[in-house]
Amino acid sequence: MNKINYGKLLDDKLNQLKKSGDKPSLLLHVCCAPCSSHTLCVLEEYFNITLYFCNPNISPESEFIYRLDELKRLVHEMNLDIEIIEEEYNPEIFYQLAKGLETLPERSERCQKCISHRLEMSAQKAKSLNCDYFTTTLTISPHKDCTFINQCGAEISGKYGVDYLFSDFKKHDGYKHSIELSRKYNLYRQNYCGCIYSKINSEKR
C-alpha cells in the first residue's frame, strides 16, 4: 500500500487556490508559537485564518499561559491581523483521556486520544464559525505521527461537514525553518510536548 504524501496534497491545494484566486477561511489549531511560525508563513497568503488555542494537555497552568502569551506575541511581531480564540485551561479533560495510559510513550494511544480530542474540538469550532477548512500545526513536529493526524482529521471532517486541510508542515525544511524563526523572534521553545507525562519522560532523558 502506497504511503500518502500529505505534504504534496497541501502543495496541490495551495497551487489550486493560487490559480483560482480564492481565499477560503481556515480554523488553524495551534499548540505553541514555534510550531505556528512556519505554518503561518505557509498558509497566511492562501487563507483567512483564525487561530485556535485548545490544549488541555499542557501542564502546569503556568506553561499553558506562557505558550499562549508567546503565540500572541508572535502574531503581533509578524504583523498579522489574525484572531486568536483560546479555550480555558481545563486539564481534567486530558487526565480523563489519559486514564490508564499514563506510562505509555509519545506517539502512543494516549497521544492519539489527545490529538483526536483537539482535532474534534477544532472541527466543532470551525463549524460554529462557518469556516471552510480546519487543520492543525501538529504535523510540523518530527515527534508526532503525521499519518495518524491526517487520517484522524479526515475522519472528523466527515463527522462535522467541514473540510480538513491535509498537511505535513515538516516538508520543505519546515521544521528547520520553525527553528530559524524561533531564533529570529526569540521564541520560547519547550523541551516537552506539553503534558505532564511527556514532561516526566523529558526530565528522565
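Structural data are supplied above this passage.
Reading the values: rules and limits
- Residues numbered from 1 in each chain as written.
- Predicted model: local features only at pLDDT ≥ 70, side-chain atom pairs only at ≥ 80, totals over all residues.
- Heavy atoms only, no water.
- Pairing = 2+ DSSP bridges.
- Helix = DSSP H or I, 4+ residues; strand = E, 2+ residues; numbered from the N terminus.
- Expected span 1.5 Å × (residues − 1).
- Axes fitted to C-alpha atoms, helices over the stretch in contact; angles between N-to-C directions.
- Parallel < 35°, antiparallel > 145°, perpendicular 65-115°, else oblique.
- Left-handed = near helix turned anticlockwise from the far one by under 90°.
- Contact = heavy atoms within 4.5 Å.
- Nonpolar A, V, L, I, M, F, W, Y, C, P; charged D, E, K, R; others polar.

J.: Tell me about the sheet that holds strand S2 (residues 48-53), and name the residues and values.
T.: The parallel open sheet is built from five strands, whose spatial order is S3-S2-S1-S4-S5. Looking at which strands have only one partner, the edges of the open sheet turn out to be strand S3 (83-86) and strand S5 (163-164). Note: strand S4 (residues 133-136) against S5, two bridges, orientation parallel. Bridging from a neighbouring strand, Tyr 133 pairs with Asp 163 of S5.

J.: Could you give an account of helix H5 (residues 109-128), with specific residues and numbers?
T.: Spanning 20 residues, H5 covers 28 Å between terminal C-alpha atoms, matching the ideal 28 Å at 1.5 Å per step. Note on H5: the residue one or two positions beyond its end, Asn 130, has a positive phi of about 60°.

J.: Go over the packing of helix H4 (residues 91-98) against H5, please, and point to the residues and values.
T.: At their nearest, the axes of H4 and H5 sit 9 Å apart, and the two run at 140° to each other. As judged from the angle between their axes, H4 and H5 are oblique. In the crossing of H4 with H5, the sense of the turn from one axis to the other is right-handed. Contact residues: Ile 93, Phe 94, Leu 97 and Ala 98 in H4; Arg 110, Lys 113, Cys 114 and His 117 in H5. Of the residues assigned to the contact of H4 with H5, the class counts are five nonpolar, one polar and two charged.

J.: Talk me through the pairing of S3; I want residue IDs and the actual numbers.
T.: Relative to S3, S2 is paired through four bridges, and the arrangement is parallel. Along S3, the bridge assignment pairs Thr 50 with Glu 83.

What is shown is where atoms sit, not what they do.
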